[in-house]
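# Structure at a glance
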Amino acid sequence: MVLGGVAYLGLRPPAAIVPYLTADRPAAAAGQDAPPVTGQPETRIAVAGDTGTGDAAERATVARMVAEGEQRPYDAVLLLGDLIYDAGDAALLDRAVRTPFAPLLDGGTRLLPVLGNHDYGSGEQQDILTGLGQERPWYVAREGSLRIVVLDSNRVQDAEQTRWLRATLATPQPRGIWTVAAMHHPAYSAGHHGSDMAVRRAWGPLFADAGVPLVLAGHDHDYQRSTPQEGVTYVVSGAGAGTRRVGSADFTAVSSATLHYLDLLVYRDRIVGRAIDQDGNLVDSFTLTRADVAG
């Protein structure tokens, strides 16, 4: 492997010099063991993107989810697209999704799929959704105090979808409900593919106007967290089964080319996000709070 002109012969370079080789922007918490869950989260969600390889890397990510979930199991696992590589062959659902995630699903964890660009490759995207228990590519999933608005960013120009999103975000919610959005293509990314400007232009103002605190995406095979953009934090979690080099931009708070998943702990007054690598170390940790449920 060659990073920044330096050969490592397949060995992982020392953590202290990785940012200089990759242009990562590591979090202060990076490298620390993921601590035990504190308090009693109302909802817990495991999030991973671009997992659909069916290989050892995907299984290792799931194994880490299982290990971290022993103390407080996951209510749902949210997969941020590219469910089946390379071309969305629905016949590979078992190999790419059901079998790797069986350790979670068999224990009652709910699967929430998002369509990625590779899932459209064979034209069988609807078969993939149906096989995973969803009928529409955009939908709302409710888990405890968390409302997840799932979108199909392959069809960001679909006027019907945007009308649905606007109406969904405008629907009054009971006090204490969090709303998080999830899609495949990131509105803010300093990774291989970069920011999807169509997503940013079409949906970014809607998220900001509705006070959505967190938007999740995959597509770029890395981890990234933005600084708040009009009050919204954007996270890329697309390294569930593979990585690519990532850099940073003026909106970047944290970036890392590390195999990981995102652990979302939802409390009444806060959401805690912890990106955890396959060894159980933190890649990043952040907390989002809101005033309307304090006290």
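Residues numbered from 1 in each chain as written. Predicted model: local features only at pLDDT ≥ 70, side-chain atom pairs only at ≥ 80, totals over all residues. Heavy atoms only, no water.

The subject of this paragraph is the packing of aromatic side chains. All told, the structure shown has three aromatic pairs when counted by the stated rule. Taking the centre distance of 6.2 Å and the plane angle of 80° together, the rings of Tyr-74 and Tyr-261 count as edge-to-face. With Tyr-74 in the loop between α2 (56-68) and β4 (76-79) and Tyr-261 in strand β13 (residues 260-266), this pair connects stretches of sequence that are 187 residues apart. Pair check on accessibility: Tyr-74 and Tyr-261 agree, each one buried. With centroids separated by 4.7 Å and ring planes inclined at 50°, the aromatic side chains of Tyr-188 and Tyr-234 adopt a geometry described as tilted. Highlighted residues: Tyr-188 in the loop between β8 (178-182) and α7 (197-210) and Tyr-234 in strand β11 (residues 233-237), separated in sequence by 46 residues. Here Tyr-188 and Tyr-234 have matching classes, each one buried. (Phe/Tyr/Trp six-rings, centres within 6.5 Å; stacked < 30°, edge-to-face > 60°. Helix = DSSP H or I, 4+ residues; strand = E, 2+ residues; numbered from the N terminus. Buried < 20%, exposed > 50% of the residue type's maximum accessible area, 1.4 Å probe, protein only.)

Let us look at the sheet that holds strand β5 (residues 110-113). Pairing is mixed across the open sheet formed by six strands, whose spatial order is β5-β4-β3-β13-β14-β15. In this open sheet, the two strands that pair with only one neighbour each are β5 and β15 (282-289). Direction aside, the axes of adjacent strands within the sheet are offset by 20° on average. (Pairing = 2+ DSSP bridges. Axes fitted to C-alpha atoms, helices over the stretch in contact; angles between N-to-C directions.)

Our next topic: the side chain of His-185. Residue position: His-185 is located in the loop between β8 and α7. At 2.6 Å, the side chain of His-185 and the side chain of Ser-153 are in polar contact. Dropping the residues within four chain positions of it, His-185 is found in contact with Asn-117, Ser-153, Asn-154, Asp-196, Val-199, Ala-217 and His-219. (Polar contact = N/O pair within 3.5 Å; in protein donor to acceptor, adjacent residues only side chain to side chain. Contact = heavy atoms within 4.5 Å.)

So, on to the UniProt feature "domain: Calcineurin-like phosphoesterase" (unreviewed entry) in the protein chain. In the numbering used here, UniProt assigns the feature "domain: Calcineurin-like phosphoesterase" (unreviewed entry) to residues 44-223. Segment residues 44-223 splits into 31% helix and 18% strand. End C-alpha atoms: 19 Å apart. (UniProt positions renumbered as here; feature names shortened; annotations may be inferred.)

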